[in-house]
Amino acid sequence: MPFKESSLIASVLTKKFGKVKIIAKGCRRPKSKFCGTLEVFTLAEIIYYKRESKDLYTLSDATVTDHFSDIRSSNNKVNAAMVLCEFFNKTLPLEETDTASYTHLFNFLRELKKIDSNSIKPLTFYYLLIALAGAGFKPHLDNCVRCHNPISYNSKQIDFSISGGGVVCENDFDDTVVFLSSDTINLLKNIYQNKNIRIDAPQFKEIERLVPEYLRYHLNQVLNSLKFLK
Ligand SMILES: [Zn+2]
């Protein structure tokens, strides 16, 4: 976010201290030593210090470790990287140590570098689903989320309640229910059980429709960058 004439305020996900807000003074001047170091999804080693009685830190030094140029050469990979950055920026509280989110974002960027263009979208949703679980919103898939009665997975279509955050039996049907195929439920289960999945599985199409609804309901968030992801 531009600040005053030449400065920038950035939201930075750090390995040791969670999400912090940092001001880089003079950063937007062409000869600034911070030029490019606070660009979105840049991995850098930084030194910053706290100003008294403010939540804002001041950047004192920065060295880029990885600029992820392989991602920047593809518009759609940039969109994908933005999705996870936006998710963490909008959902992580300030200054709470969260190594899992840091590692998750880093692993995603590393994998995104290498992946072919057809797999960008499902890979992004795969990482978004895991991030949702990390934020405490893992979908309930084992039995009815309301009454805990078993669900018949033999039927082709399973009722998934967005508001309930999981599958529901026919007695607990509500007006936020979406229909998912049993193959999609199985794919979700496999993702959360950390089993090997096919990133080109056709069931990702249903997941792509489910996740934005789910995010809007449970986290009150719309990820703008998701709209541009192809
Ligand atoms: Zn039920």
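### Some words on the coordination of the zinc ion
The protein atoms donating to the zinc ion are Cys 144 (SG), Cys 147 (SG), Cys 169 (SG) and Asp 172 (OD), with metal-donor distances spanning 2.0 to 2.3 Å. Taken together, the four donor atoms surrounding the zinc ion define angles of 104 to 118° at the centre, an arrangement classified as tetrahedral. All donors of the zinc ion come from a single chain, and their spacing in sequence reads C-x2-C-x21-C-x2-D. Judged by its relative accessible area of 12%, Cys 169 falls in the buried class.

### As for the side chain of Lys 189
Mapping Lys 189 onto the fold places it in helix 5 (residues 182-192). Among buried Asp, Glu, Lys and Arg side chains, Lys 189 stands out as unpaired, with Asp 142 the closest opposite charge at 4.7 Å. Not counting residues up to four positions away in its chain, the partners in contact with Lys 189 are Leu 141, Asp 142 and Tyr 153.

### Topic: the sheet that holds strand 2 (residues 7-14)
Across the sheet, which stays open at both edges, the five strands sit in the order 1-2-3-5-4 with mixed pairing between neighbours. In the strand order of this sheet, the two ends are held by strand 1 (2-3) and strand 4 (43-50), each with one partner.

### Here's the deal with the domain arrangement of the protein
Partitioning the protein into structural domains gives domain 1 (1-67) and domain 2 (70-230). Here the C-alpha centre of domain 2 lies 30 Å away from the C-alpha centre of domain 1. The interface of domain 1 with domain 2 comprises 20 residues on the first partner and 22 residues on the second. Of the roughly 1800 Å² buried at the junction of domain 1 and domain 2 (both faces included), carbon and sulfur atoms supply 62%. Broken down residue by residue, the surface that domain 1 buries against domain 2 is led by Leu 13, Lys 19 and Phe 41, which jointly contribute 44%. Counting every contact that joins domain 1 to domain 2 gives two salt bridges. One salt bridge connects Asp 66 with Lys 113, and the closest N-O pair in it is separated by 3.1 Å.

### Some words on the environment of Met 82
Here Met 82 is to be found in helix 2 (residues 75-91). In the structure, Met 82 is positioned 42 residues away from Val 40 in sequence and 7.8 Å away in space, judged by C-alpha atoms. Apart from residues no more than four positions distant in its own chain, Met 82 is found in contact with Val 40 and Ser 225.

### Focus on the packing of helix 4 (residues 120-134) against helix 6 (residues 204-219)
Put simply, helix 4 and helix 6 touch, their axes get as near as 10 Å, and they point 35° apart. Note that helix 4 runs across helix 6; the crossing there is left-handed. Residues Lys 121, Pro 122, Phe 125, Tyr 126, Leu 128, Leu 129 and Leu 132 of helix 4 touch helix 6, and the partners they reach there are Phe 204, Ile 207, Glu 208, Val 211, Pro 212, Tyr 214, Leu 215 and Leu 219. Of the residues belonging to the contact of helix 4 with helix 6, the class tally is 13 nonpolar, no polar and two charged.

What counts and how
- Residues numbered from 1 in each chain as written.
- Predicted model: local features only at pLDDT ≥ 70, side-chain atom pairs only at ≥ 80, totals over all residues.
- Heavy atoms only, no water.
- Donors = N, O, S within 2.8 Å, 3.2 Å for Na, K, Ca; no water.
- Tetrahedral: all angles 85-135°; square planar, octahedral: opposite > 155°, others 65-115°.
- Buried < 20%, exposed > 50% of the residue type's maximum accessible area, 1.4 Å probe, protein only.
- Helix = DSSP H or I, 4+ residues; strand = E, 2+ residues; numbered from the N terminus.
- Lys, Arg positive; Asp, Glu negative; His and termini not counted.
- Salt bridge = Lys/Arg side-chain N within 4 Å of Asp/Glu carboxyl O.
- Contact = heavy atoms within 4.5 Å.
- Pairing = 2+ DSSP bridges.
- Domains from an automatic or database assignment.
- Buried area = accessible area lost by both parts, 1.4 Å probe.
- Axes fitted to C-alpha atoms, helices over the stretch in contact; angles between N-to-C directions.
- Left-handed = near helix turned anticlockwise from the far one by under 90°.
- Nonpolar A, V, L, I, M, F, W, Y, C, P; charged D, E, K, R; others polar.

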